[in-house]
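# Structural overview
Read off the chains here:
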Amino acid sequence: MSTISAPSDPSAVRAPRNIPDRLTLGWRRLQRWETLLLIVAVAIFIFNSFASPYFLDPWSLSDATYNFTEKAIVALAMSFVIIAGDIDLSVASIIALASTAMGAAAAAGADTPLLVAIGLGVGIVCGAFNGFLVTRFQVPSIVATIGTMSLFRGISYAVLGDQAYTKYPPSFAWFGQGYVWWVFTAEFVIFIVLAILLGILLHKTVFGRRVYALGNNPVAARFSGVRVDRIRFLLFIMTGTAAGIASVLLTSRLGATRPTIGTGIELEAVTMAVLGGVNILGGSGTIPGVVIAAFIMGLVTFGFGLLNVPGIVMSIFVGSLLIAVIALPILWRKFIHRRN
Amino acid sequence: MARILKNRNVMLGAVIVLLLIGIGIRNPRFVQPGNLVEVFNDSSILMMVALAQMLVILTKCIDLSVSANIALSGMIVAMLNFYFPGIPVVALIAISMMSGFALGAINGLFIWKLGIPSIVVTLGTMSVYRGSVFLLSGGAWVNSQQMSDSFKAFPRAIILGMPVLAWIGVVTVILIAIFLKMTRLGRSLYAAGGNPTAAVYAGIDVGRSRFYAYSIGGSIAGLAGYLWVSRYAVAYVEIAQGFELDTVAACVIGGISIAGGIGSVMGGVLGALFLGIVKNALPVIHISPFFQMAISGAVIIVAVVINARSERKVGRLILKEAQVPA
């Protein structure tokens, strides 16, 4: 992404927010984006529990996690790519292609471990293809992945047409329908484990620091000895893998593969990342922020669902939320600026 | 000669001619003039909206809400036509363009006044506009019987052997070409996208140029909304879903740089025609239409790789964002 805007007021030119160096405490901490998100999440939670008597049931909350875990897994990896200054719009199509490959394998009699391996493998290969286009030919990632978005889902359409794969082995259903312990679903536990691993990777390792460096200034990062293209390549493999995982979960949950599977997930994943405080221009963002944003979107969707609000009306809310969370701080700064 | 061969539009034109010859060998009926007019007619909406997208892309932005704009503007005029069949078609066309203008202007205002990245704004408004179609219609369809005859007949009327829809496409192309070549605002779109910092120093208000690009593009999308619902004689919530990517694809195939500042009207037209021909030709040469998406994906990838080679940057920008004095 290289949407550079010439800022018209000095307050718009500022140091990137959300690069956590050390723990900030007290007032500074309160001003952080994640704190704001957490307050919003709690507010929605409280609102929902008043709005519907069915909300505060552990089992219904457990069901609510299905709304967002697959998307959130993609959003975690997407955050890395966006922080590094790229974007991957092909994730939903990777989900479709991986699901199609798993369906074909299942139809040929493959068992669960092989199916999972195929799902992840297709994700990795697709991600590597994106990474190859972006690093080898220096194609802007947004166009490259718009192209692969058509290509990957197009292959699914070419294979499936108006048909569907519906024969999956019974043990395959565990990923999308099983429970690890009490009300905690397999999907939810996988999401939390991935969130912790990726959080450590981004915030506690050299690799993570390099991702920030790359997103803030790729040229300076290159001059400082960061192997820019190699990291970008790895990050696209990462989103591909995350899409592969999401594909396994989604296919297992639905028990069927159609070429339309997962349509629109790329936009929801980007929305989650941006809502979570990831700068769409790259260079800043945190994993805890994205996790809280995922919960907010899940809670909102679920709460609306309990109130019988149609899905498309929720999308109005999500769209407005996306713009509002970015516009309000800017308006607030302008307001303060004018008062001084 | 070498210069002609290097010209992208000539190359793309040659590819289209080869494509037509190839299809013609498989099925001669496809390349008969009558059918070619039909293919052109069928590609007209894509051509118009691709040029709308091009205006925005030239300024280093992107409009993902363009297809939701088509759906909302289309639904507005379809419902007006249903409830007030007396409103003349010309007025409805004007209303669709005004609605499209307003929707585009909302995008433009966020980008101009608040400096929010275009992809975020239009990602958000895409959902909001599409959801508004649902709120407006209650999820119901406006179908063929509920539309007045004149509403449906207008784009189908034949003038000089071509339907009005195709003529509107031609006129739009000419107007945009004049706008981009001859007007100060048109040139400023190139400047705003080619080098925003330099454009500011040259006295161009980059944000304002973007606002106009979105507003003009929005009006075209609104007009396309009317044309869409009247041509297909149905209006519903999911109209044109995913069409925004087709428009971006047409631009990319036509050599319009997603990084802004580079691109010609001819390129956008040829890109749209290429996609339109592929779409129309597949059933004729007995390839399942389900292959269309994969083919256009492959074509986009080839096109961007070729673009990337011809667009190698000459200079290096060390600072990510040059500071501009207010």
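Look a little higher up for the structure.
Each chain carries its own residue numbering, running from 1 in the direction its sequence is written. Chains and ligands are labelled by the order in which they are written, letters from A for the one and numbers from 1 for the other. For this predicted model, a pLDDT threshold of at least 70 governs which residues receive local features, and a threshold of 80 or more governs which side-chain atom pairs are given and counted, while totals over whole chains, interfaces and linings are taken from all residues. Water and hydrogen atoms play no part in the side-chain values, which are based on all heavy atoms of the structure.

### Overview of the interface of chain A and chain B
The partner chain B presents 54 residues to the 58 residues of chain A that form the contact. By definition, the buried area sums, over both parts, the 1.4 Å-probe accessible area that each loses when the two are put together. For the pair chain A and chain B, the two sides together bury roughly 4,700 Å², of which 79% comes from carbon and sulfur. Throughout this description, the term salt bridge denotes a Lys or Arg side-chain nitrogen within 4 Å of a carboxyl oxygen of Asp or Glu. Here chain A and chain B share zero salt bridges between them. Whenever a nitrogen or oxygen atom comes within 3.5 Å of another N or O atom, the pair is scored as a polar contact, on the condition that within protein one atom can donate a hydrogen and the other can accept it, and that pairs from neighbouring residues in sequence are kept only if both atoms are in side chains. Counting across the interface, chain A meets chain B through one residue pair in polar contact (both at pLDDT 80 or more). We count a stretch as a helix when DSSP gives it H or I for four or more residues in a row; a strand needs E for two or more, and each element gets its number in order from the N terminus. Going through the elements one at a time, helix H6 (112–136), helix H7 (141–160), helix H10 (206–216), helix H11 (218–223), helix H13 (265–275) and helix H15 (311–339) of chain A are the ones with two or more residues in the side of chain A that touches chain B. Only Asp, Glu, Lys and Arg are considered charged in this grouping, and only Ala, Val, Leu, Ile, Met, Phe, Trp, Tyr, Cys and Pro are considered nonpolar; every other residue, Gly among them, is considered polar. Per-class residue counts for the side of chain A that touches chain B are 37 nonpolar, 18 polar and three charged. Whether two residues are in contact is decided by their heavy atoms, any of which lying within 4.5 Å being enough.

### Some thoughts on the pattern of salt bridges
Considering all chains together, one arrives at seven salt bridges over all chains under this definition. Note that A:Arg232 is salt-bridged to A:Asp229, the shortest N-O span being 3.5 Å. Residue A:Arg232 and its partner A:Asp229 are located together in helix H12 (residues 228–254), separated by three residues, close to a single helical turn. The salt bridge involving B:Arg231 is made with B:Asp42; its shortest N-O contact spans 2.6 Å. Residue B:Arg231 is located in helix H11 (residues 206–232), and its partner B:Asp42 is located in helix H3 (residues 33–58); the two are separated by 189 residues in the primary sequence. A network of salt bridges, in which partner residues are shared, links A:Glu70, A:Glu187 and A:Arg253.

### Considerations on the packing of aromatic side chains
The pairing test for Phe, Tyr and Trp rings, Trp by its six-membered ring, is centres within 6.5 Å, and the orientation test on the planes gives stacked under 30 degrees, edge-to-face over 60, and tilted for anything in between. Within this structure, the stated rule accounts for 26 aromatic pairs over all chains. Here the aromatic rings of A:Trp181 and A:Phe184 are separated by 5.7 Å at their centres, their planes lie at 5°, and the arrangement is stacked. Each residue is placed in one exposure class: buried if its accessible area under a 1.4 Å probe, protein chains only, is under 20% of its type's maximum, exposed if it is over 50%, and partly exposed if it falls in between. With relative accessibility at 58%, the residue A:Trp181 sits in the exposed group. Members of the aromatic cluster, joined through ring pairs, are A:Phe68, A:Trp181, A:Trp182, A:Phe184, A:Phe188, A:Phe191 and A:Phe295. One cation-aromatic arrangement involves A:Arg136 over A:Phe137; the distance from NZ or CZ to the ring centre is 5.3 Å. A ring has a charge above it when a Lys NZ or an Arg CZ is no more than 6 Å from the ring centre and no more than 35 degrees off the ring normal. Here the basic side chain of B:Lys113 rests over the ring of B:Trp112, its NZ or CZ set 4.1 Å away from the ring centre.

Such coordinate-based values are descriptive only and should not be taken to indicate function.
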